[in-house]
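# Tertiary structure, described
Here is how the chains run, residue by residue.
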Amino acid sequence: MRLRLTLVTVLTAATVGGSVLAQSPVVRGINGSWEAYPLRGEGFGSGIQPKTPVKPPPPIAEPPLKQAFLDEWRAVQARNAELTKKGLPPPSTGMACIPEGMPGMMQSTFPMEILETPGQVTIIQEAFTQVRRIHLGAKPVAPEDAEPRFAGHSTGRWEGSTLVVETVGVKESARFRNTPHSMNMRITERLRLVNDEILENVVTIVDPEFLARPWTWTWMYKRWPGYKIEEYVCEDNRYFEDPAQRYQRLKVN
Amino acid sequence: MKMILPTLLVISVLSGGPVRAHHSFAPYESTLQIKLSGVVTEFRWVNPHVYIEIDAADEKTAEKRHWLIEGASTSILNRAGWKFNIIKPGDRITVIVSPLRNGEPAALLKQITLADGRKFSNGAAAGRATIQ
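Note that the coordinates shown come from a computational prediction; the quantities given were computed from them, not determined experimentally.

## Some thoughts on the overall build of chain B
- Within chain B, the secondary structure is distributed over 2 helices and 6 strands.
- Start at the N end of chain B and walk to the C end: the helices and strands fall as α-β-β-β-α-β-β-β.
- Relative to its 132 residues, chain B shows a buried fraction of 45%.
- Taking the intrachain contacts of chain B between residues at least 6 apart in sequence as the baseline, contacts between residues at least 24 apart amount to 54%.

## A short note on the overall build of chain A
- Helix and strand content of chain A: 3 helices and 11 strands.
- For chain A, the N- to C-terminal ordering of α and β elements is α-α-β-α-β-β-β-β-β-β-β-β-β-β.
- The buried share of chain A, reckoned over its 253 residues, is 32%.
- Restricting the contact set of chain A to residue pairs at least 6 apart, pairs at least 24 apart contribute 56%.

## Examining the pairing of strand β2 (residues 112-117) of chain A
Residues and elements named next belong to chain A.
- The two faces of β2 differ: Met112, Ile114 and Glu116 on one face are buried, but Glu113, Leu115 and Thr117 on the other face are not.
- Inspection of the sheet shows β2 paired to strand β3 (residues 120-125) by 6 bridges, in the antiparallel sense. Within the sheet, the bridge partner assigned to Glu113 lies in β3 and is Ile124.
- Following β2, the chain reverses through 2 residues before pairing antiparallel with β3; Gly119 in that reversal takes a positive phi of roughly 80 degrees.

## Considerations on the sheet that holds β3(A)
Residues and elements named next belong to chain A.
- Taken together, 9 strands build a closed barrel; the order of strands is β1-β2-β3-β4-β5-β6-β7-β8-β9 and the barrel is mixed. In this sheet, adjacent strand axes meet at a mean angle of 30 degrees when their direction is disregarded.
- The pairing of strand β1 (residues 32-37) with strand β9 (residues 215-223) spans 4 bridges and is antiparallel. Bridging across to β9, Glu35 finds its partner in Lys222.

## Section: the confidence of the model for chain A
- For chain A, the average pLDDT comes to 89, and 89% of its residues sit at 70 or higher.
- This model gives residues 1-22 of chain A a pLDDT under 50, and the stretch forms 1 contact once residues within four places in sequence are excluded.

## Digging into the nonpolar core
- Ranked by size, the top nonpolar core spans 37 residues in total, and within it B:Trp67, B:Ile69, B:Val97 and B:Ala107 carry the most contacts.
- Elements that contribute at least two residues to this core include exactly β1 (34-44), β2 (51-58), β3 (64-70), α2 (74-79), β4 (92-99) and β5 (106-113) of chain B.
- The dominant element in this core, judged by the number of residues it contributes, is β5(B), at 5 residues.
- By size, the runner-up hydrophobic cluster in this structure holds 30 residues, among which are A:Val170, A:Ile205, A:Trp215 and A:Tyr221.

## Quick notes on the environment of B:Gly81
All names here are of chain B.
- As for its position among the elements, Gly81 is in the loop between α2 and β4.
- We classify Gly81 as partly exposed; it has 13 C-beta atoms within 10 Å.
- When the C-alpha positions of Gly81 and Asn122 are compared, they lie 9.8 Å apart, and in sequence the two are 41 residues distant.

## Quick word on the interface of chain A and chain B
- Taken together, the contact between chain A and chain B spans 33 residues of the former and 34 residues of the latter.
- The set of elements that each furnish at least two residues to the side of chain A that touches chain B consists of α3 (67-85) and β11 (248-250) of chain A.
- Among the elements that make up the side of chain A that touches chain B, the one with the highest residue count is α3(A) (4 residues).
- Classifying every residue of the side of chain A that touches chain B gives 15 nonpolar, 10 polar and 8 charged.

Conventions and cut-offs
- Residues numbered from 1 in each chain as written.
- Chains lettered and ligands numbered in written order.
- Predicted model: local features only at pLDDT ≥ 70, side-chain atom pairs only at ≥ 80, totals over all residues.
- Helix = DSSP H or I, 4+ residues; strand = E, 2+ residues; numbered from the N terminus.
- Buried ≥ 20, exposed ≤ 12 C-beta atoms within 10 Å, placed from the backbone.
- Contact = placed C-beta atoms within 7 Å.
- Pairing = 2+ DSSP bridges.
- Axes fitted to C-alpha atoms, helices over the stretch in contact; angles between N-to-C directions.
- pLDDT = per-residue confidence, 0-100.
- Core = buried A, V, L, I, M, F, W, Y, C linked by C-beta atoms within 7 Å.
- Nonpolar A, V, L, I, M, F, W, Y, C, P; charged D, E, K, R; others polar.

What follows is the structure, given as structure tokens:
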């Protein structure tokens, strides 16, 4: 009797709320744990190649910054590489236990979990336990109203089988690949399943203040059934910026 | 193999695409690996990095020092087969490590051998042991 009542309730809800369900389905097949693809070596993921190999995306091009910013960016990259070669890596936000934020958290350095719930897709990146909430069908946040956050403010919609996500409000200090950006930066992601195992994320960044043209690249993720995301709290950081020399140091004693 | 690992590290830095979540391993002498055997004084299973402290002697020089050995993050080590309680103070272990370039007694772990003979790596980012 209880089962019949439950069935009736579900069927009634499905009928009455049919239009809502059609706009905001709970599951579109991206639920679960994912790791970066191509695979990143021992410890980073499952080490299990997909059943059907997929051509990996090309490397990310250098940011198409406006010339003056590009010159500055290249000089910083060169200086950082030179220091690193000498064993004196420059301070970084990661060294200070500051999370990557958007879009860096979507490169999936460590595995990530995607949770599809009614009206929301939540993404949890294991590294630094970073969380972003994508509000489906919500009114986009205007950049001037967006409180600066590491993950920004994300709204999303399904276009057929592609989840299109718009993100604004990323803190200016959260710099992906040392690339400067303004509070008017807009990140668009188009996530779709290439096959049952591979999820593609085409990322496009528009920021007229700093970028001469949109910056686009593709990331891919491989499904990792059964993987349980672990806790990662940056609890015992022994790295610090050497105040005199301005490079990374490890506190030994 | 000795040349491949440093080359990969440099490529990773230049391409701006590090796979480490926390920091660069450049302060360690990546082309040098040494073997230390000694007794664990502390085992810290924490993020961003797991640390093992040992009173150990360099197998070649017999010099005894108190070493801080840096491991990867806890989840990387779990995926490489470790467990949070795999080591305890008093355990005798052997490690293959790359020491800091500045001579301080700290080193990046490449491989650990526990008292019972089990061996574990420190994950792909730290690189493999090139000596045994």
